[in-house]
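The lines below spell out each chain.
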Amino acid sequence: MTSRIIKIGIGSEQDVVAVRQRARQISALLGFGAQDQVRIATAVSELSRNAFTHISGGRAEFSFDDTATRPALVIRIRNAGGQAREKKSAAVPAFVPGDEFDAAILSARRLMDACDIVDEPNGATSITLRKNLPAGIKLSQPQLAELIGQLAASPIATTFSEVQLQNQELLATLAELRERQDDLVALTQELEDTNRGVVALYAEIEEKAERLRHADEMKSRFLSNTSHELRTPLSSIRALSRLLLDRIDGELTVEQEKQVQFIDQAAGDLSELVNDLLDLAKIESGKVEISNVDLSVNNLFSALRGMLRPLASNPAVELVIEDPAENLIIYSDEGKLAQILRNFVSNALKFTEYGEVRMRVTPDPAAATMTFTVADTGIGITPENLQFVFEEFSQIENPLQKKSKGTGLGLPLCRKLATLLGGRVELSSTVGAGSVFALILPLKNDERDRRAGPGRDRRNNENNNE
């Protein structure tokens, strides 16, 4: 229901002052705050002054509307229309875009919740302003009647009093603006200080990143140089031990043969470590070349069966290499693929006391991938240790670890090589039941015969080294 509160004619400057005063009084009685009272009074005053200046016979109507979801104060400013508007339009065009009217409308739309303009058939133009009441305020008809009575008893101040009041409002607004400006200056200063801190932090991070890059390069260079320097004497030691074991220089006693075998085995273990270090250094420095060829998985498994048989020295553990049911072809680097699978099997045999180690391959034509798995029935890996999977020089503490020699480089190398081949390595494990290492490769690696770039394999470690 829409109830009229008051109607005021606009025929003089004093009427414009009265409209502004009534707008402030009504908004105060309806529960609007001081700032909203100023906003409503300013919007109504500007439109009323424009109506008086450019159009004869205007009026302002104040109403209370509770038909919508939220009750509101509705103010309609309307000119008389007909001859009065036409006569005035001949001298000063009314409501033409670009004049004072446009500025008043723009101000009203910023200050009020709604501002609608309607040109009526009789030539009149009405402007309807709407300001929603503050949340939680409701007004019944008896309360509205009481409000109208209070408004009727309120006197109309003089123009001088209105000017004084406007000056007070202006001073209050200026004080508020000055306070906000001070807050803005303080905030700007704080932001500048923060920006300087951020810039300094970025500089420090960049400096540390440069140091890390330099340290990484030094590490790769050290590993590469050390590996090369150790290879020659190790090869000599192994060659000499082989000569002694082959009795080239005469027979050996049982004890001598035993000691030479220890020397040969230790040199072999150390040579394997040097090779792993050299491979890691090559990958880090970007010097690993990938040579992809169309290779038969069946032939690869046959070759691996002969190479891996000597590793299965424990009679309680059976090494099973399943031949594919069909002749499978994959386009990849044969040497790198065989190296990954050898490391998987060697790692599985170290940590399996009873049962079997089984290697198989499963093609997935839909995903254009091939999955190589090595499953064991060993000790497995606890969930809290999975975070260490495939971390360099990381080994899990367990009784078998003391019996098995290793540096923790085999599986990290597998992960890096798998990345270079365009694939990935996954691990699933159950404590006491064993582990399953999976190498997932694309059937066709599009990056042919490329040189691996440094840092390509530096990804978040999602796996762990047994």
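The structure under discussion appears in the preceding block.
Parameters at a glance
- Residues numbered from 1 in each chain as written.
- Predicted model: local features only at pLDDT ≥ 70, side-chain atom pairs only at ≥ 80, totals over all residues.
- Heavy atoms only, no water.
- Helix = DSSP H or I, 4+ residues; strand = E, 2+ residues; numbered from the N terminus.
- Buried < 20%, exposed > 50% of the residue type's maximum accessible area, 1.4 Å probe, protein only.
- Contact = heavy atoms within 4.5 Å.
- Polar contact = N/O pair within 3.5 Å; in protein donor to acceptor, adjacent residues only side chain to side chain.
- Expected span 1.5 Å × (residues − 1).
- Salt bridge = Lys/Arg side-chain N within 4 Å of Asp/Glu carboxyl O.
- Pairing = 2+ DSSP bridges.
- Axes fitted to C-alpha atoms, helices over the stretch in contact; angles between N-to-C directions.
- Parallel < 35°, antiparallel > 145°, perpendicular 65-115°, else oblique.
- Left-handed = near helix turned anticlockwise from the far one by under 90°.
- Phe/Tyr/Trp six-rings, centres within 6.5 Å; stacked < 30°, edge-to-face > 60°.

1. So, the environment of Ser-27
When you line up the elements, Ser-27 lands in helix 1 (residues 13-29). For Ser-27, a relative accessible area of 0% puts it in the buried group. Sequence-wise, Ser-27 and Ile-40 are 13 residues apart; in three dimensions their C-alpha atoms are separated by 7.5 Å. Excluding anything up to four places from it in sequence, Ser-27 contacts Phe-32, Gln-37 and Ile-40. Here the side chain of Ser-27 touches Arg-24 through a polar contact of 2.9 Å, landing on its backbone oxygen.

2. Focus: helix 9 (residues 334-350)
Between the first and last C-alpha of helix 9 there are 24 Å, a value that for 17 residues agrees with the 24 Å anticipated at 1.5 Å per step. Most of helix 9 is tucked away, with 13 of its 17 residues classed as buried. The distance from a side-chain oxygen at the start of helix 9 to the backbone nitrogen of Gly-335 is 3.1 Å, and the residue carrying that oxygen is Asp-333.

3. Looking at the pattern of salt bridges
Note that side chains of opposite charge can pair when their charged atoms are close. Inspection of the entire model under this criterion finds 18 salt bridges. Between Asp-36 and Lys-131 there is a salt bridge whose closest N-O contact spans 3.9 Å. You can see Asp-36 sitting in helix 2 (residues 34-54) and its partner Lys-131 sitting in strand 5 (residues 125-132), a full 95 residues away along the chain. Of the residues examined, Asp-36 reaches a relative accessible area of 21% and is grouped as partly exposed. A salt bridge links Asp-193 to Arg-196; the shortest N-O distance between them is 2.1 Å. Note that Asp-193 and Arg-196 are positioned in helix 6 (residues 159-245) at a spacing of three residues, about one turn of the helix. Using a relative accessible area of 49% as the deciding quantity, one classes Arg-196 as partly exposed. Several salt bridges share partner residues, and in doing so they unite Glu-322, Glu-356, Arg-358 and Arg-360 into one network.

4. Regarding the sheet that holds strand 9 (residues 355-364)
Spatially, the five strands line up as an open sheet ordered 7-9-10-12-11, and their pairing is mixed. A strand with exactly one partner marks an edge of an open sheet, and here the two such strands are strand 7 (317-321) and strand 11 (424-430). With direction set aside, neighbouring strand axes in the sheet form an average angle of 15°. The sheet contacts of helix 9 involve strand 7, strand 9, strand 10 (369-376), strand 11 and strand 12 (434-442), and relative to strand 12 the element is tilted by about 175°.

5. Section: the packing of helix 9 against helix 11 (residues 410-420)
The geometry of helix 9 relative to helix 11 is characterised by a closest axis approach of 9 Å and an angle of 150° between their N-to-C directions. With respect to their mutual orientation, helix 9 and helix 11 come out roughly antiparallel. The handedness of the crossing between helix 9 and helix 11 comes out as left-handed. Here helix 9 contributes Lys-336, Gln-339, Ile-340, Asn-343, Phe-344 and Asn-347 to the contact with helix 11, which in turn contributes Gly-410, Leu-411, Leu-413, Cys-414, Leu-417 and Ala-418.

6. Focus: the sheet that holds strand 2 (residues 58-65)
Strand pairing in a sheet takes place through backbone hydrogen bonds and is either antiparallel or parallel in direction. A sheet is described by the order of its strands in space; here five strands give the open sequence 1-2-3-5-4, paired in antiparallel fashion. Two strands bound the open sheet, and with one partner strand each, they are strand 1 (2-10) and strand 4 (114-119). The mean angle between the axes of side-by-side strands here comes to 15°, regardless of whether they run parallel or antiparallel. Relative to strand 2, strand 1 runs antiparallel, the two being bridged by eight bridges. Paired with Arg-4 across the strands is Ser-63, a residue of strand 2. Packing of helix 1 onto the sheet brings it into contact with strand 1, strand 2 and strand 3 (72-78), and relative to strand 1 it is tilted by some 155°. Set on the sheet, helix 5 (residues 141-153) makes contact with strand 1 and strand 2; between it and strand 1 the angle comes to about 20°.

7. Some points on helix 1
An ideal rise of 1.5 Å per residue puts 24 Å on 17 residues; helix 1 measures up with 25 Å between its terminal C-alpha atoms. Among the residues making up helix 1, those that are buried are Val-16, Val-17, Ala-18, Val-19, Arg-20, Gln-21, Arg-22, Ala-23, Arg-24, Ile-26 and Ser-27. Taken from the residues just after helix 1, Gly-31 is the one with a positive phi, measuring 95°.

8. Here's the deal with the packing of aromatic side chains
For the structure on display, the rule yields two aromatic pairs. Taking 6.2 Å as the distance between ring centres and 55° as the angle between the ring planes, the aromatic pair formed by Phe-301 and Phe-372 counts as tilted. Of the two residues, Phe-301 sits in helix 8 (residues 297-308) while Phe-372 sits in strand 10, which places them 71 residues apart along the sequence. Accessibility assignment for this pair places Phe-301 and Phe-372 in one class, buried. A ring pair is formed by Phe-344 and Phe-437, whose centres lie 5.4 Å apart and whose planes are at 35°; its orientation type is tilted. With a gap of 93 residues between them, Phe-344 in helix 9 and Phe-437 in strand 12 connect regions that are remote in the sequence. Judged by its relative accessible area of 0%, Phe-437 falls in the buried class.

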